[in-house]
Amino acid sequence: MATKAKTSWFCSACGNESPKWMGRCPACGEWNTMVEAPKEDLKKSSVTAAGRVSPDRKPLRLKEIDYSKEPRRSLGLGEVDRILGGGIVPGSLVLIGGEPGIGKSTLSLQIPLGCPELRTLYVTGEESAKQVKMRAERLGGKDDSCLIFCETMVESILEEARSIVPDLMIVDSVQTMFSDSIDSTPGSVSQIKEVAALLLRFAKETGVPVILIGHITKDGYIAGPKILEHIVDVVLQFEGENRGSYRILRSIKNRFGSTSELAVFEMTGAGLREVLNPSEMLIPMHGQGLSGAAVAATLDGTRPMLFEVQALVSSAVYGTAQRSATGFDARRLNMLLAVLEKRAGFHLSAKDVFLNMAGGLKVSDPACDLAVICAVLSSNFDFAIPSDVCFAGEVGLSGEIRPVAQTERRIGEAERLGFKKIFVSYFTKLDRKPQGIDVVKVADVPALVKALFK
Ligand code: TYD
Ligand code: MG
């Protein structure tokens, strides 16, 4: 009698297991993410063993734990260090996820090239040694402490790594690696989990930090990085518009630092360049006085950042008006338009509204609301907002303007960039009065309109 193959279905977004295929994962609610993988694989895998993150297999008091001899190490790129919370922690497993072609391999090769004092083992399953060399020459690196290893079997990578004991190991990419103990193909759910578990165990046992690269598709959940998020210590996401040259590295999870930190890079002919002052690049039309643009003073992680919000309002060609938002939550845009309609009497229901955040940025800071409604109104009336004015405030459902966190830092950044006026909530409390910038406090949307478009 033929034995039935033991397979199970796994959600590639959250890793949830199910005995049969389902269109929608009951755990995370994503559609079309279930993939089939052999079941017995996971039994003999080391996923469970990966739970052992410390070589001391006994309980310890906090004061008995010595970590002073494990300082963070710099990776040579100041912005990457900052996002990690001040360098990489020994024994940590860092996942860098991003769409193909965004620049993950470039970034991960630039780290060892720019940091000769780190003995790095660069493992690639995607490119030949010659291709890596070509890339390194393009990046202008002449570092000789970096070892290039073209291999895809994790067991032999770890054997090599245990004998070399590098200061840093980079693995590009998790989808190309496989473990000998599992039958399924590289890139499958069980292989990805197993590879990550083996690397995690290696990192924790030896104290060697490991950077793992993972591909992620436009939707962000096909085969891979998402199911690893709970295994790894740090998740960095590399994003940006492929056609543009700006790239954003964002921390999504960080066991050793704060999240929602963000760094901006520019892809040049010779690799990635750090953009130390993103505000200056994100206010391109500064000084031109076109309608439909307003500058938002936002805060990303701990750093204040100013950028331009652009809106286009035009009469709807078809029966129903279109609303489209790039880099901003479309539902929030609809809510703000409803507030404008109901609380301030602007009739926008027959208008198409398009919204865009400069530089391909994705924004979730509520302080952006004020700039969004000002950009919409500015486009609607074809009235340009003076280029030395910016905004920081959250808009509530009854049209009130609410104060936002750390307003003083936002005002400070606006002042530093030469803005002359900032609109904030009436209820904002300021410890000191800023000197070089006029702070206008507005209580609700009608008051804002009066103050701005009078
Ligand atoms: P890559 O790092 O290979 O992307 P990933 O590993 O995320 O798939 O980068 C691919 C793109 O970067 C490619 O389209 C070419 C571009 N690039 C530059 O513009 N300048 C450079 O110096 C390098 C190395 C790449
Ligand atoms: Mg690559």
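Here is what the cut-offs are and how they apply
Residues numbered from 1 in each chain as written. Chains lettered and ligands numbered in written order. Predicted model: local features only at pLDDT ≥ 70, side-chain atom pairs only at ≥ 80, totals over all residues. Heavy atoms only, no water. Helix = DSSP H or I, 4+ residues; strand = E, 2+ residues; numbered from the N terminus. Buried < 20%, exposed > 50% of the residue type's maximum accessible area, 1.4 Å probe, protein only. Contact = heavy atoms within 4.5 Å. Areas by Shrake-Rupley, 256 points an atom, 1.4 Å probe, with all protein chains shown as cover. Pairing = 2+ DSSP bridges. Axes fitted to C-alpha atoms, helices over the stretch in contact; angles between N-to-C directions. Near = heavy atom within 4 Å. Polar contact = N/O pair within 3.5 Å; in protein donor to acceptor, adjacent residues only side chain to side chain. Arc of directions from axis to C-beta. Parallel < 35°, antiparallel > 145°, perpendicular 65-115°, else oblique. Nonpolar A, V, L, I, M, F, W, Y, C, P; charged D, E, K, R; others polar. Core = buried A, V, L, I, M, F, W, Y, C linked by side-chain atoms within 4.5 Å.

## A closer look at the overall build of the chain
For step 1, the next point in the chain: When helices and strands are tallied, the chain shows 12 helices and 21 strands.
For step 2, the next point in the chain: A burial count over the chain gives 49% of its 454 residues as buried.
For step 3, the next point in the chain: For the chain, restricting intrachain contacts to residue pairs at least 6 apart in sequence, the fraction spanning at least 24 positions comes to 67%.
For step 4, the next point in the chain: Accessible surface, the chain: about 21,300 Å² in total, of which carbon and sulfur atoms supply 53%.

## Quick notes on the sheet that holds strand β5 (residues 120-124)
For step 1, the next point in the chain: Read across the sheet, nine strands follow the order β6-β5-β7-β8-β4-β9-β10-β11-β12 without closing on themselves; strand pairing throughout is mixed. Each edge of the open sheet is held by one strand with a lone partner, namely β6 (146-150) and β12 (271-275). In this sheet, adjacent strand axes meet at a mean angle of 25 degrees when their direction is disregarded.
For step 2, the next point in the chain: Pairing geometry for strand β4 (residues 93-98) and strand β9 (residues 234-239), over five bridges, is parallel.

## Comments concerning the site of ligand 1
For step 1, the next point in the chain: Surrounding ligand 1, one finds 16 residues, the nearest of these being Gly101, Ser105, Thr106, Thr268 and Gly271.
For step 2, the next point in the chain: Glycine 101 places a main-chain nitrogen or oxygen 2.7 Å from an oxygen atom of ligand 1.
For step 3, the next point in the chain: Residue arginine 135 places a side-chain N or O atom 3.1 Å away from an oxygen atom belonging to ligand 1.
For step 4, the next point in the chain: Every element with two or more residues in the shell around ligand 1 is listed here: α3 (104-113), α4 (129-138) and β11 (262-268).
For step 5, the next point in the chain: Top element by residues in the shell around ligand 1 is α3. It accounts for three residues.

## Observations concerning helix α11 (residues 407-416)
For step 1, the next point in the chain: Listed as buried for α11 are Thr407, Arg410, Ile411, Glu413 and Ala414. Taken around the axis of α11, the buried residues stretch over an arc of 160 degrees, which confines them to a single face.
For step 2, the next point in the chain: Backbone geometry just downstream of α11 places glycine 418 in the positive-phi region, at approximately 90 degrees.

## Some remarks on the side chain of threonine 428
For step 1, the next point in the chain: Along the chain, the position of threonine 428 falls in the loop between β20 (421-425) and β21 (438-442).
For step 2, the next point in the chain: What makes threonine 428 buried here is its relative accessible area of 6%.
For step 3, the next point in the chain: Sequence-distant contacts of threonine 428, that is, excluding residues within four places in its chain, are made with Pro403, Thr407 and Lys441.

## Details of the packing of helix α5 (residues 154-164) against helix α6 (residues 189-206)
For step 1, the next point in the chain: Where α5 contacts α6, the axes come no closer than 11 Å and their chain directions differ by 10 degrees. As the angle between them shows, α5 and α6 are arranged roughly parallel. Across from Val154, Glu155, Leu158, Ala161 and Arg162 in α5, the residues of α6 making contact are Val195, Leu198, Leu199, Phe202 and Glu205.
For step 2, the next point in the chain: Of the residues that constitute the contact of α5 with α6, the class distribution is seven nonpolar, no polar and three charged.

## So, the pairing of β12
For step 1, the next point in the chain: Both β11 and β12 contribute to a ladder of five bridges, which runs antiparallel. If you follow threonine 268 over to β12, its bridge partner there is glycine 271.
For step 2, the next point in the chain: Taken together, β11 and the strand that follows it, β12, pair antiparallel across an intervening segment of two residues.

## Examining unusual backbone geometry
Generally, phi is negative for residues other than glycine and the peptide bonds are trans, each holding for most cases.
For step 1, the next point in the chain: With an omega of 0 degrees, the peptide bond between aspartate 172 and serine 173 qualifies as cis.
For step 2, the next point in the chain: Secondary-structure assignment places serine 173 in the loop between β7 (168-172) and α6.
For step 3, the next point in the chain: Phi angles above zero are rare outside glycine, and valine 165 is one such case at about 45 degrees.
For step 4, the next point in the chain: Accessibility expressed as a relative area gives 47% for valine 165, which makes it partly exposed.
For step 5, the next point in the chain: The backbone of aspartate 382 sits at a positive phi, close to 55 degrees, despite the residue not being glycine.
For step 6, the next point in the chain: Mapped onto the fold, aspartate 382 is located in the loop between α10 (369-381) and β17 (389-391).

## Here we look at the environment of valine 195
For step 1, the next point in the chain: Locating valine 195 in the fold gives a position in helix α6.
For step 2, the next point in the chain: For valine 195, a relative accessible area of 1% corresponds to the buried category.
For step 3, the next point in the chain: Once the C-alpha coordinates of valine 195 and phenylalanine 178 are considered, the two residues, 17 residues apart in sequence, prove to be 6.3 Å apart.
For step 4, the next point in the chain: Filtering out sequence-adjacent residues up to four positions away, valine 195 remains in contact with Val154, Val174, Met177, Phe178 and Ser179.

## A word on the environment of serine 425
For step 1, the next point in the chain: Here serine 425 is to be found in strand β20.
For step 2, the next point in the chain: Excluding its chain neighbours within four sequence positions, the residues that come into contact with serine 425 are Ala392, Ile401, Arg402, Pro403, Lys441 and Val442.
For step 3, the next point in the chain: Within the structure, the side chain of serine 425 is placed 3.0 Å from the backbone nitrogen of phenylalanine 427, a separation counted as a polar contact.

## Considering helix α12 (residues 445-453)
For the α-helix, the turn length of 3.6 residues means that residues three or four positions removed from each other point alike.
For step 1, the next point in the chain: Taken together, the buried positions of α12 are Val445, Leu448, Val449, Leu452 and Phe453. Down the axis of α12, the buried side of the element spans an arc of 100 degrees, and every buried residue falls inside it.

## Section: the nonpolar core
For step 1, the next point in the chain: Counting residues in hydrophobic clusters, the biggest one holds 48 residues, and the most contacted among them are Val309, Leu340, Met357, Phe391, Phe423 and Leu448.
For step 2, the next point in the chain: Per-element accounting of this core gives the leading share, eight residues, to α10.
For step 3, the next point in the chain: Ignoring any residue separated from it by four or fewer positions in sequence, one finds valine 309 in contact with Gly292, Ala293, Ala294, Ala296, Leu355, Asn356, Met357, Ala371, Val372 and Ala375.

Any link to function would need more than the numbers given here.
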